[in-house]
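# Fold and contact review
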Amino acid sequence: HSVAYFLQPILANRHPSIAYVCYSCCKKKEEDETTAVLRSLAHEWRDASRLSTEEAVSLIRADRIDILIDLSGHTAGKML
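Figured I'd write up the structure that's included with this text. (Residues numbered from 1 in each chain as written. Predicted model: local features only at pLDDT ≥ 70, side-chain atom pairs only at ≥ 80, totals over all residues. Heavy atoms only, no water.)

Below, the discussion takes up helix α2 (residues 33–41). Along α2, the residues that are buried comprise Thr 34, Thr 35 and Leu 38. Along α2, the residues classed as buried sweep out an arc of 95° about the axis, all on the same side. When the buried face of α2 is taken as reference, the exposed residues oriented beyond 90 degrees from it are Glu 33 and Ser 40. (Buried < 20%, exposed > 50% of the residue type's maximum accessible area, 1.4 Å probe, protein only. Helix = DSSP H or I, 4+ residues; strand = E, 2+ residues; numbered from the N terminus. Arc of directions from axis to C-beta.)

Now the structure itself:
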């Protein structure tokens, strides 16, 4: 969760006029503390964990995402 560690203060201290959507693509059945914190900081939360890559792309495009940050990095089994 090293990337999330650095991102949390940015999300927590954003200007109120800035809205963002967080997507969760974690395959874990249980939500960990980091995910709970990120969820609490999000303007909206999307759980894409059960979506195919194509479905996730469609959802992201529909939300008109300007900046997409993958917190998992280049690790096995991830969508990046």
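Moving on from the coordinates now.
The N-to-C vectors of helix α1 (residues 2–12) and α2 enclose an angle of 25°; their axes lie 10 Å apart at closest approach. By the angle between their directions, the pair α1 and α2 is classed as roughly parallel. The element α1 and its partner α2 pack so that their crossing is left-handed. Residues Ala 4, Gln 8, Leu 11 and Ala 12 of α1 pack against Thr 34, Val 37, Leu 38 and Leu 41 of α2. Broken down by class, the residue content of the contact of α1 with α2 amounts to 6 nonpolar, 2 polar and no charged. (Axes fitted to C-alpha atoms, helices over the stretch in contact; angles between N-to-C directions. Parallel < 35°, antiparallel > 145°, perpendicular 65-115°, else oblique. Left-handed = near helix turned anticlockwise from the far one by under 90°. Contact = heavy atoms within 4.5 Å. Nonpolar A, V, L, I, M, F, W, Y, C, P; charged D, E, K, R; others polar.)

A surface patch of nonpolar side chains, amounting to about 300 Å² of accessible area, comprises Val 3, Ile 67 and Ile 69. The topology assignment puts Ile 69 in the segment after α3 (53–62). (Patch = residues over 30% accessible without salt bridge, like charges linked within 9 Å, V, L, I, M, F, W, Y side chains within 5 Å. Areas by Shrake-Rupley, 256 points an atom, 1.4 Å probe, with all protein chains shown as cover. Salt bridge = Lys/Arg side-chain N within 4 Å of Asp/Glu carboxyl O.)

This brings us to unusual backbone geometry. Of note, Arg 64 is a non-glycine position whose phi angle comes to about 55°, a positive value. Mapping Arg 64 onto the fold places it in the segment after α3.

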